[in-house]
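So the chains spell out like this:
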Amino acid sequence: MAVEVIMPKAGSEMEEGEIVQWFKNEGDHVEEGEVLLEIVTDKVNMEVEAEATGTLLKILAQAGDVVPVVQTIAWIGEPGEKIPGASESGEVAPAETIIEKKVDYTPVKEVEKVDYSGLRATPAARAYARKKGIDLSKVKGSGPKGRIHKDDVLDYKLNSKVKISPLAERIAKIEGINTESIVGTGPNGKIMKADIMAVLHGATKVEAAPKAEVAPKAPKTPKAPNENQWGVVETVPMSPMRKVISKRMSESYFSAPTFVVNVEVDMTELLALRKKVVDAIIEETGKKATVTDFISLAVIKSLMKHPYVNASLSSDEKEMYLHHYVNLSIAVGMDSGLVVPVIKGADKMSLKELVVASKEITTKALNGKLKPDEMADSTFTISNLGMYGVKSFVPIINQPNTAILGVSATVPKPVVYNGEVTVRPIMTLTLTADHRVVDGLEGAKFMKTLKEAIENPLSLLI
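Residues numbered from 1 in each chain as written. Predicted model: local features only at pLDDT ≥ 70, side-chain atom pairs only at ≥ 80, totals over all residues. Heavy atoms only, no water.

Draft legend 1. Local environment of the packing of aromatic side chains. A complete count under the given rule lists two aromatic pairs for this structure. Here the aromatic rings of Tyr 253 and Phe 254 are separated by 5.3 Å at their centres, their planes lie at 85 degrees, and the arrangement is edge-to-face. In this structure, Tyr 253 and Phe 254 share a single accessibility class: exposed. With a centroid separation of 6.0 Å and 55 degrees between ring planes, the pair formed by Phe 380 and Phe 446 is classed as tilted. Within this pair, whereas Phe 380 is found in strand β20 (residues 380-384), its partner Phe 446 is found in helix α9 (residues 440-455), the two being separated by 66 residues in sequence. For the residue pair Phe 380 and Phe 446, the accessibility class agrees, reading buried in each case. Sitting above the plane of the Tyr 417 ring, Arg 424 keeps its charged end 3.8 Å from the centroid. (Phe/Tyr/Trp six-rings, centres within 6.5 Å; stacked < 30°, edge-to-face > 60°. Buried < 20%, exposed > 50% of the residue type's maximum accessible area, 1.4 Å probe, protein only. Helix = DSSP H or I, 4+ residues; strand = E, 2+ residues; numbered from the N terminus. Lys NZ or Arg CZ within 6 Å of the ring centre and 35° of its normal.)

Draft legend 2. Local environment of the confidence of the model for the chain. For the chain, the mean per-residue pLDDT works out to 80, and 81% of the residues sit at or above 70. Long-range and interchain partners of residues 203-215, a stretch whose pLDDT sits below 50, account for 29 contacts in this model, where long-range means more than four residues apart. (pLDDT = per-residue confidence, 0-100. Contact = heavy atoms within 4.5 Å.)

Draft legend 3. Inspection of the sheet that holds strand β1 (residues 3-6) at higher detail. Read across the sheet, four strands follow the order β1-β8-β6-β3 without closing on themselves; strand pairing throughout is antiparallel. Only two strands of the sheet have a single neighbouring strand rather than two, namely β1 and β3 (29-30). (Pairing = 2+ DSSP bridges.)

Draft legend 4. Layout of a nonpolar patch on the surface. There is a patch of nonpolar side chains on the surface, built from Tyr 253, Phe 254 and Ile 396 and spanning about 380 Å² of accessible area. Tracing the backbone shows Tyr 253 in helix α5 (residues 240-255). Its relative accessible area of 56% is what places Tyr 253 among the exposed residues. (Patch = residues over 30% accessible without salt bridge, like charges linked within 9 Å, V, L, I, M, F, W, Y side chains within 5 Å. Areas by Shrake-Rupley, 256 points an atom, 1.4 Å probe, with all protein chains shown as cover. Salt bridge = Lys/Arg side-chain N within 4 Å of Asp/Glu carboxyl O.)

Have a look at this one:
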């Protein structure tokens, strides 16, 4: 039996993914666990593996297509096997189309989305459940450790009275709508969200389009550049990653009342210490210790003395979570956007271990190999623009962190040292902090501790 390849849901916040490239062509043989394609989610690039062994019968979405999660993007089966839903000529429609009339279907209340990421079910069970619109979380599995098989889904379908999508069911429960009298417009009469919203708003129900009218997906064509009196304006669609960055930065900027603390630190001693130990670290680990590694170690030591700077705020703003450990995020800029991989348990690492961990996670980020859990559970973030010659900048907090540190370039500056004017290597550090959790005094104390640690770096190795 042919098995669907779906757009995976990599994390509860992911709603769609963009296909970067296919590593297999139609007609190629694939093995279970073999990499089929690469996608970019709202956070990272990731590889999608085949869930079955067979022939790649049909690819329904091409490179550059943005596809909703759990939608079918390809089929794997035996050579010559007919794909479910294919016409006599062998053509496969990309997805069943619903024609909506112009009605405001905005939900009155926020509805929880379904996440099947932790559910145990066979690929055949998942495929059949998606095809028939069955909520797998309601099906009792008969396999080992409750794993759901296709027969379990068939039994559940036979015993079910009302066919309704999980989202539609939740809206109906919240709004107190009786679904027994509603005629669904989805596949096989399934009640969809649009049907519930039509009842809620007293509007005409949506109508399902006849399958004969479903046309194959037209190839994507780039938008032609617009031209005005000054020149050409190029229209560039936002990638899934860019959309999420936009959303999260807006939420952070407009939800957190922030304040900023700047300090200048003398880098003389830290640069001298790095010069002394860099060769030894390379010899032992094969990794080169950077200035950022030393600053990260100083940040970690300082955060352990100032837990409010290493905290987060509950969603209802009634509780603060003081983390007595450090999961350090290092912002990594790429052409496609910004990612913040996390070094977990950084407070337990030596300088050597921190150098290795930071290089490994940064390399993964630059190569698009990060997994969603490698960007989760951050407690504090460092953003370094010093390598671009930036002398000072104010970073935006990476929610749900309470603060973020901006690291700038080290530049020679005339300063008074031991009563004389001399030129020293000076770096500006900028702390952006959430005033709901951190007071200005606490932010200043943290920066004082950090400045002392950097200017007396031997204390970091004790």
